[in-house]
Amino acid sequence: LFTKYIHLSNLKKSEIKSSLYSLNIDITPEEYISENIFTSLMLLPIIIILLLLKNTFFAVLISIFIPLVFINSQSRINKMLSKRRRFIEEEAPSLIRYFMVSLKNTSDIRQIFENYSEIADYLKRDIELTVTDMNSMRNREDNVIRSLELLDDRLNTPIMNDFITGLINVTMGKNQ
């Protein structure tokens, strides 16, 4: 509803866009902010009814809550990101341990991801998307590297960034 009237700086737009991508929410940053504005404006009919009933005290009180509702809905994405980050960091040690053991037996990263997806908990969706990315592109080595980069963008945590950077370097032939 308000999307065409919202103008964001490139930095803010890319920040919200990467957060939405990480959370697998398929809307634009402008749509996200528009949704938050609409949510906070849902209190307007209550204020109008209270004013018609000549109850200005409660109307003013509720009108104070409109910016608070907007701020709360804006911070919702940060809460969701911190919750996601916590779940990823809880599962990361088992994923890394699994890879360390599996890399001693085989160097096929795609196969290791497929095997881990059977026992994955929170990261199951991200790993399945990575396996799909690895299977969908043409050039095998570039495909694996690009899929790992996309996984890193989706997970967006320091521990997984270090791990995925190491996997990319191993795939490129560098010994880490």
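Cut-off values and rules
- Residues numbered from 1 in each chain as written.
- Predicted model: local features only at pLDDT ≥ 70, side-chain atom pairs only at ≥ 80, totals over all residues.
- Heavy atoms only, no water.
- Patch = residues over 30% accessible without salt bridge, like charges linked within 9 Å, V, L, I, M, F, W, Y side chains within 5 Å.
- Areas by Shrake-Rupley, 256 points an atom, 1.4 Å probe, with all protein chains shown as cover.
- Salt bridge = Lys/Arg side-chain N within 4 Å of Asp/Glu carboxyl O.
- Helix = DSSP H or I, 4+ residues; strand = E, 2+ residues; numbered from the N terminus.
- Expected span 1.5 Å × (residues − 1).
- Buried < 20%, exposed > 50% of the residue type's maximum accessible area, 1.4 Å probe, protein only.
- Core = buried A, V, L, I, M, F, W, Y, C linked by side-chain atoms within 4.5 Å.
- Contact = heavy atoms within 4.5 Å.
- Axes fitted to C-alpha atoms, helices over the stretch in contact; angles between N-to-C directions.
- Parallel < 35°, antiparallel > 145°, perpendicular 65-115°, else oblique.
- Left-handed = near helix turned anticlockwise from the far one by under 90°.
- Nonpolar A, V, L, I, M, F, W, Y, C, P; charged D, E, K, R; others polar.
- Phe/Tyr/Trp six-rings, centres within 6.5 Å; stacked < 30°, edge-to-face > 60°.
- Lys NZ or Arg CZ within 6 Å of the ring centre and 35° of its normal.

(A) Just a nonpolar patch on the surface, in detail. The grouping of Phe 57, Phe 58, Val 60, Leu 61, Ile 64, Phe 65 and Leu 68 at the surface amounts to a nonpolar patch, some 690 Å² of accessible area in total. Residue position: Val 60 is located in helix α4 (residues 56–105).

(B) View of helix α8 (residues 158–171). Between the first and last C-alpha of α8 there are 20 Å, a value that for 14 residues agrees with the 20 Å anticipated at 1.5 Å per step. Positive backbone phi, at 100°, marks Gly 173, one or two positions downstream of α8.

(C) Representation of the pattern of salt bridges. Per the stated rule, a full pass over the model turns up 11 salt bridges. Here Arg 84 ties to Asp 126 by a salt bridge, and the two come within 2.9 Å at their closest N and O atoms. Pair noted here: Arg 84 is in helix α4 and Asp 126 is in helix α6 (residues 124–136), with a separation of 42 residues, a long-range link. Among the residues examined, Arg 84 registers a relative accessible area of 5% and is labelled buried. The partner of Asp 108 in a salt bridge is Arg 110, with the nearest N and O atoms 3.9 Å apart. What makes Arg 110 buried here is its relative accessible area of 18%. Counted as one network, the salt bridges with shared partners bring together Arg 84, Arg 125, Asp 126, Asp 133 and Arg 154.

(D) Expanded view of the nonpolar core. By size, the foremost hydrophobic cluster in this structure holds 23 residues, and its most contacted members are Leu 95, Phe 99, Phe 113, Ile 127 and Leu 148. Elements with a minimum of two residues in this core: α4, α5 (109–117), α6, α7 (140–155) and α8. When near neighbours in sequence (up to four residues on either side) are disregarded, Ile 127 contacts Leu 95, Phe 113, Tyr 116, Ser 117 and Ala 120. Residues Ile 6, Leu 20, Leu 23 and Ile 77 belong to the second largest nonpolar core, which totals eight residues.

(E) Representation of the packing of helix α1 (residues 10–22) against α4 in the model. It is at 10 Å that the axes of α1 and α4 come closest, and there the two elements cross at 50°. One finds that α1 runs oblique with respect to α4. The interaxial crossing formed by α1 with α4 has left-handed handedness. From α1, Ile 16, Ser 19, Leu 20 and Ser 22 reach across to α4, where they touch Ile 77, Leu 81 and Arg 84. Counted by class, the contact of α1 with α4 contains four nonpolar, two polar and one charged residues.

(F) Focus on unusual backbone geometry. For Asn 24, which is not glycine, the phi torsion reads 60° and is therefore positive. By secondary structure assignment, the location of Asn 24 is in the loop between α1 and α2 (29–41). We note that Lys 54 has phi near 60°; this positive angle belongs to a residue other than glycine.

(G) Representation of the packing of aromatic side chains in the model. If you walk through the whole model with that rule in mind, you get five aromatic pairs. Relative to Tyr 122, the ring of Phe 87 has its centre 5.0 Å away and its plane inclined at 40°; by these criteria the two rings are tilted. Separated by 35 residues along the polypeptide, Phe 87 in helix α4 and Tyr 122 in the loop between α5 and α6 bring together distant segments of the chain. When its relative accessible area of 31% is taken as the criterion, Tyr 122 is described as partly exposed. Note on Phe 99 and Phe 113: the rings are 4.8 Å apart at their centroids and 65° apart in plane angle, and the pair reads as edge-to-face. In this pair, Phe 99 is assigned in helix α4 and Phe 113 in helix α5, connecting sequence segments 14 residues apart. Of the two residues, Phe 99 and Phe 113, both sit in the buried class. Following the ring pairs from residue to residue traces out a cluster consisting of Phe 99, Phe 113 and Phe 163. Across from the ring centre of Phe 87, 5.1 Å away, lies the NZ or CZ of Arg 86, which sits over that ring.

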